[in-house]
Amino acid sequence: MKQIGRIIATEKVPTTVDEFYFWTNKELIIRPFDVVKVQHIQESITFGVVEEISHLTDTSSSLAGFISSDFGDVTSREYTQRIGMNYVRAKVVGNSKGIYTPALDGYSVSLATEDDVKEALGLNDIQNPLPCGYIEMYEKPDNIMIPVHFNSQFLIGPEGAHLNISGISGLAAKTSYAMFLLKAIQTMALKTDESVAFVVMNVKGRDLLAIDEPNDSLPADDRKIYRDLGLDTNPFKYVKYYYPFSEDMTSSTYGRRNDIESQMELGKAFSYKYIFEDDKDSLDLLFSNVDDPNQTIESIVNAIVTGQGGFNGITNWNDLLKEVQAHTVAQSGKEKEITVLSWRKFFRLFRKTLDKTTIFQNSIAKQKKETRLREAIKNIRKNDVCVIDIAKLDEETQGFVFGDVMRAVYDLKLGQMELEEAEIPSKIVIFIDELNKYASKDVPKSSPVLRQLLDITERGRSLGIILFSAEQFKNDIHDRVKGNCATHAYGRTNAIEISKPDYQYIPAVYKSMLTRLKHGEYIVQNPVFRSLLNIKFPKPIYKQFKHG
Amino acid sequence: MSRILELLEDATNGSCYRSNKYCADEDLSVPAIGYEESRNLTILKDRYGETDTNLKAPKNLTDIAKNLSTEKPLFSYFLDGSRRTYKVDDIELNKRIFPVMAGQIGVACCERKSPATFRCKEIETNLVIALPSEANPQTRSGAQFFNNLKDSINKIDRINRTGTQFSKILEYSSKIPNSREDQESKKYEHLAIAMIQDEMIDCEKKIVSTLTAKNILNEDNYLLKDGSLQYKPMRTGEYKELTKIKNNYRRVIGVSKLFNPELFRDRNNKSNAAAIANLPLYSRTPAFMFQHDLANQGHLGDYKFSIWYVRIRDQSKTDGPFAGVLKIEKILITDRENEEGLESDLVDIITANIINERNPVCYGKDSRWANHLYPVYLTEQYLKSRYLSDSHFLNLF
């Protein structure tokens, strides 16, 4: 036990039930989030987490500093350094005997051992442990590394559910962290026979298009960390990839043709299509981000889905487009409730989508590994990982596919797909990056994708649908979506973002830490932990594409 | 008996008035010229304080100081003593009224191992009470009576509980002053405070003696003592005979922030205060040799000083003619020193080192910042931090 300082309690700054202050040598390196322990009454130990460190000297004013250099001589030397110390503010996180009276002046403060840290942060008796990273504390030679575990029931239900990850693109490694957690969940599920399946949306390049292939460039240190955390060093298992259909296979995906072909040969890749007959019910999702104050778009979609007003008997997308076009011509005495202008708007939007995307097709060829996503979701079984590639689709279609997948998962879990209860995984984790596209504060309230997201975050915990979401700026996200997440991971972000109300409760020094977190470093909040934790996690275990 | 005053009443057959308790120190908040300084020294006209007898004008030490600034400093130890006095009550003894005085005495010596490492080397803090000699109801030796009284006081629960102990009860003269002048200058309060002051000085000497005994003061590690080395004649105390302990002061330099410039004499024994006021920056005066007033204080023995002055801050940037000027003293030890004064090179080195101690400053914390040396200031602050708070101390009574 290395003693590093003593408690200071003064008239102006007394120690309290919540926090205490201590001095340390000015050369001692200690960091925010480090745990310290303090001797306390009745031979108990109070644990604290460092929040703020200041350096202070007996200089009464800046002017004294100037005068001390011979009135501004920058080369002046001095025999004695000004007396100074580091002044540390720590938040109380617990006491070994449950004594919460304030720490006493002059009592010794020391570095904690691994067991102390676990006790202090509530990491020692976690039920249903699920690795979520590790903590590194102190400087060499006192440094310690402690694996951190979530209680899986607080991450993927039933006690608490949903995870939100925020941070700047590229610097925060949001996708990597989500995938690290998914890997941990899959490993745990395989060990414990828990029934979990995963639906992962690939929104960027080839990021997630080879998650069942090993990362050959993974450093040995990171492999060791995986083992220390109780995880194997194999990539994901039972992975299926779903690529958006296109004739040449590549115009709608960033995946390489030969990669996709070999995946298809191995029976783990499919291209997905939307067929009018079966998928027209999802048409509303295509117009999620369209402002529709008079609900005319909704009325049109409703007319198409229910086959009213000339939409009866349509069997493919081309016929639909023609029929819609027919409505755009001004005709007196017909369809008064929906104006021609609205039809024209709908036609414009719909035609644009059909022009841009190739997933809306008239038929499915199963022998060519083609499928509908609904079918894919219907066939998802425990431990399966469905990677759905939407990276190259336009924004509207991305929303459409994501909304449709969520709807399919929802229907599956609600038992509307005529499956045996045992066949349906008891939990399905959906991971979506760039959540701001679907659930930002600017998304129209009527957006069906937003409604679907709200449904999942609010009711998903009990149904076993868990949302892992990520976005650059948490502040942009709809309050009800992020409010329902039990776990929050904050990665590196910028100064503007931390000035927003979402970060109000985070101590100032942690806030500024958020602006300089390293790659692979997160500040995590989970109901099981007594305070925010600054955790790290190893590099991805699956194949990485350097250039997307 | 639960309180000191009750015990005093009982032991001295007196009666306490329970009058207002207060801190008796005059706060020295403004830099002042120490006109009260002892005039017990006389300049030796026929001798020089240093070996360079040709030095008549101020000597500029800027270059020497600059060259030395990269080397290990000469001073490694810093000594400061202070006391805080309190009037705790009035006591009636044989129909006369005397003040009951008390004090906290502290002497600290700090060591500078490196620019960043400043640690306490020795510290002594004592609590004392000063009572009139009249307080002793017996005719036997006062020392024994007061010592017993001290032991009884230390046994009081209230004192034990706080973990404090009184180290001594000092006895001040209760002789009725004869002349009117005496009445002014020898007020009982002042007599008592003087006793407490003497006790502190004794404590200082003791610490210097300890440091010498441990052999840690040597030619590379000097001790810088805050204040003058001109110890006043003392009637009591373990170290009252300075001649016997002057060998302890071989590596000790006294640096005074406050001094009476009137006492700076030229060789014709004329005051030359203006020479100090106009001393250029980083220059020192020639060193002069002084001797104790042998005629009146012969019992102290024969000891001589070299005294000189140095300006460490630019006059235009300080707020008085003597702000930024320090008075430096060294006791002359060897026969040669007593004859010829200090080696001029040593005087230069000592002075240059003191010039190099000028930064950092305690500007804003202490109004005497221009005359303060930072390590001394730190020692003083350390010492003060070890005192009991005034209200704590007064409530012991």
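Given the structure is predicted, the values throughout are model-derived calculations rather than measurements.

## Some words on the overall build of chain B
Thinking step 1. Helix and strand content of chain B: twelve helices and 14 strands.
Thinking step 2. The buried share among the 397 residues of chain B stands at 41%.
Thinking step 3. Nonlocal contacts in chain B, meaning residues at least 24 apart in sequence, comprise 76% of its contacts between residues at least 6 apart.

## Describing the overall build of chain A
Thinking step 1. A count of helices and strands for chain A gives 17 helices and 21 strands.
Thinking step 2. Reported as C-alpha extents along the three principal axes, the dimensions of chain A are approximately 95 × 50 × 45 Å.
Thinking step 3. Here chain A holds 548 residues, and the buried ones make up 45% of them.
Thinking step 4. A separation of at least 24 residues holds for 77% of the contacts in chain A among residues at least 6 apart in sequence.

## Here we look at helix H10 (residues 344–356) of chain B
All names here are of chain B.
Thinking step 1. Between its terminal C-alpha atoms H10 stretches 18 Å, which fits the 18 Å expected from 13 residues at 1.5 Å a residue.
Thinking step 2. Where H10 is concerned, the buried positions are Val347, Ile350, Thr351, Ala352, Asn353, Ile354, Ile355 and Asn356.
Thinking step 3. Tucked inside the fold, the buried residues of H10 contact helix H2 (62–68), strand E5 (75–93), strand E10 (252–256), strand E11 (283–284), strand E13 (304–311) and strand E14 (325–331).

## Things to note about the environment of Leu104 of chain A
Thinking step 1. Mapped onto the elements of the fold, Leu104 of chain A is located in the loop between strand E5 (84–95) and strand E6 (108–111).
Thinking step 2. Measuring from C-alpha to C-alpha, the distance between Leu104 of chain A and Ser76 of chain A comes to 41 Å, with 28 residues separating the pair along the chain.

## Quick notes on the interface of chain B and chain A
Thinking step 1. If you look at the interface, chain B gives 18 residues, while chain A gives 18 residues.
Thinking step 2. In terms of residue count, the dominant contributor to the side of chain B that touches chain A is helix H11 (residues 374–386) of chain B (three residues).
Thinking step 3. When its residues are assigned to classes, the side of chain B that touches chain A shows ten nonpolar, four polar and four charged.

## What about the sheet that holds E6 of chain A?
Residue and element names in this part refer to chain A.
Thinking step 1. The strand order E1-E2-E5-E4-E3-E6 describes a closed barrel built from six strands, whose pairing is antiparallel. Strand-to-strand twist in this sheet, taken as the mean axis angle between neighbours without regard to direction, amounts to 40°.
Thinking step 2. Here six bridges tie strand E3 (residues 35–40) to strand E4 (residues 44–57), and the two strands are oriented antiparallel to one another. Looking across to E4, one finds that Val36 is bridged to Gly48.
Thinking step 3. Across the sheet, helix H2 (residues 114–121) is in contact with E3, E4 and E5; its angle to E3 comes to roughly 90°.

## Things to note about the environment of Gly399 of chain A
All names here are of chain A.
Thinking step 1. One can find Gly399 in helix H12 (residues 395–413).
Thinking step 2. On the basis of neighbour count, Gly399 is assigned to the buried category, with 24 C-beta atoms found within 10 Å.
Thinking step 3. Taking the C-alpha atoms as reference, Gly399 lies 9.8 Å from Leu450; in sequence the two are 51 residues apart.

## Notes on unusual backbone geometry
Residues and elements named next belong to chain A.
Thinking step 1. Along the chain, Lys140 connects to Pro141 via a cis peptide bond; the corresponding omega equals 5°.
Thinking step 2. Inspection of the secondary structure assignment puts Pro141 in the loop between strand E7 (129–137) and strand E8 (144–151).
Thinking step 3. Omega for the peptide link from Gly157 to Pro158 comes to 0°, which places this bond in the cis form.
Thinking step 4. Of note, Pro158 is situated in the loop between helix H3 (152–155) and strand E9 (163–166).
Thinking step 5. A positive phi is found at Gln295, a non-glycine position, where the angle reads about 55°.

## What about the pairing of strand E10 (residues 196–202) of chain A?
Residue and element names in this part refer to chain A.
Thinking step 1. Of all seven residues in E10, seven are buried; the element is thus mostly enclosed.
Thinking step 2. A two-sided burial pattern is seen for E10, the buried positions comprising Val196, Phe198, Val200 and Asn202 on one face and Ala197, Val199 and Met201 on the other.
Thinking step 3. Alignment of E10 against strand E17 (residues 427–432), held across five bridges, turns out to be parallel. In the strand pairing of E17, Val200 is matched with Phe431.
Thinking step 4. With five bridges connecting them, E10 and strand E16 (residues 385–389) associate as parallel partners. Across the sheet, residue Val200 finds its bridge partner in E16, namely Val387.

## Here we look at helix H10 (residues 340–356) of chain A
Thinking step 1. Over its 17 residues, H10 of chain A extends 24 Å from the first C-alpha to the last, a length consistent with the 24 Å expected when each residue adds 1.5 Å.
Thinking step 2. Looking at the buried positions of H10 of chain A, the neighbouring elements they touch are helix H8 (296–306) and helix H9 (317–327) of chain A.

## Notes on the confidence of the model for chain B
Residue and element names in this part refer to chain B.
Thinking step 1. Of the residues in chain B, 88% reach a pLDDT of 70 or more, and the chain-wide mean stands at 85.
Thinking step 2. This model gives residues 28–36 a pLDDT under 50, and the stretch forms 15 contacts once residues within four places in sequence are excluded.
Thinking step 3. In the predicted assembly, ipTM is 0.77 and pTM is 0.77.

## Structural notes on the packing of H9 of chain A against H10 of chain A
Residues and elements named next belong to chain A.
Thinking step 1. It is at 9 Å that the axes of H9 and H10 come closest, and there the two elements cross at 155°. The pairing of H9 with H10 is recorded here as roughly antiparallel in orientation. In terms of crossing hand, the pair formed by H9 and H10 is left-handed. Only Trp343, Phe346, Phe347, Phe350, Arg351 and Leu354 of H10 make contact with H9, whose side of the interface consists of Trp317, Leu321, Val324, Gln325 and His327.
Thinking step 2. The class makeup of the residues in the contact of H9 with H10 is eight nonpolar, two polar and one charged.

## Looking at the nonpolar core
Thinking step 1. Val387, Ile388, Val405, Val409, Val429 and Ile430 of chain A are the most contacted members of the largest nonpolar core, which totals 148 residues.
Thinking step 2. With nine residues, the top contributor of residues to this core is helix H4 (residues 174–192) of chain A.
Thinking step 3. Those residues in contact with Val405 of chain A that lie beyond four places of it in its chain are Val199, Leu373, Ile377 and Ile388 of chain A.
Thinking step 4. Listed in part, the 99 residues of the second largest apolar core include Phe75, Val252, Tyr377 and Phe393 of chain B.

## Focus: the packing of H8 of chain A against H10 of chain A
All names here are of chain A.
Thinking step 1. Axis separation between H8 and H10 bottoms out at 10 Å; the angle between their running directions is 75°. The pairing of H8 with H10 is recorded here as roughly perpendicular in orientation. For the pair H8 and H10, contact is made by Thr296, Ile297 and Ile300 and by Ser342, Trp343 and Phe346, respectively.
Thinking step 2. Taken together, the residues of the contact of H8 with H10 break down into four nonpolar, two polar and no charged.

## Points about the pairing of E6 of chain A
All names here are of chain A.
Thinking step 1. The sheet contact formed by strand E1 (residues 3–7) and E6 spans three bridges and is antiparallel. Each bridged residue has a counterpart across the sheet, and for Arg6 the counterpart in E6 is Ser108.
Thinking step 2. Of the pairings in the sheet, the one linking E3 to E6 comprises three bridges and is antiparallel in character. Opposite Val38, over in E6, you have Val109 as the bridge partner.

## With respect to the environment of Met179 of chain A
Residue and element names in this part refer to chain A.
Thinking step 1. Positionally, Met179 belongs in helix H4.
Thinking step 2. Classification of Met179 as buried rests on a count of 25 C-beta atoms within 10 Å.
Thinking step 3. For the pair Met179 and Ile211, spaced 32 residues apart in sequence, the C-alpha separation works out to 9.0 Å.
Thinking step 4. Residues in contact with Met179, not counting those within four places in the same chain, are Ile211 and Pro540.

Calculation rules
- Residues numbered from 1 in each chain as written.
- Chains lettered and ligands numbered in written order.
- Predicted model: local features only at pLDDT ≥ 70, side-chain atom pairs only at ≥ 80, totals over all residues.
- Helix = DSSP H or I, 4+ residues; strand = E, 2+ residues; numbered from the N terminus.
- Buried ≥ 20, exposed ≤ 12 C-beta atoms within 10 Å, placed from the backbone.
- Contact = placed C-beta atoms within 7 Å.
- Expected span 1.5 Å × (residues − 1).
- Nonpolar A, V, L, I, M, F, W, Y, C, P; charged D, E, K, R; others polar.
- Pairing = 2+ DSSP bridges.
- Axes fitted to C-alpha atoms, helices over the stretch in contact; angles between N-to-C directions.
- pLDDT = per-residue confidence, 0-100.
- Parallel < 35°, antiparallel > 145°, perpendicular 65-115°, else oblique.
- Left-handed = near helix turned anticlockwise from the far one by under 90°.
- Core = buried A, V, L, I, M, F, W, Y, C linked by C-beta atoms within 7 Å.

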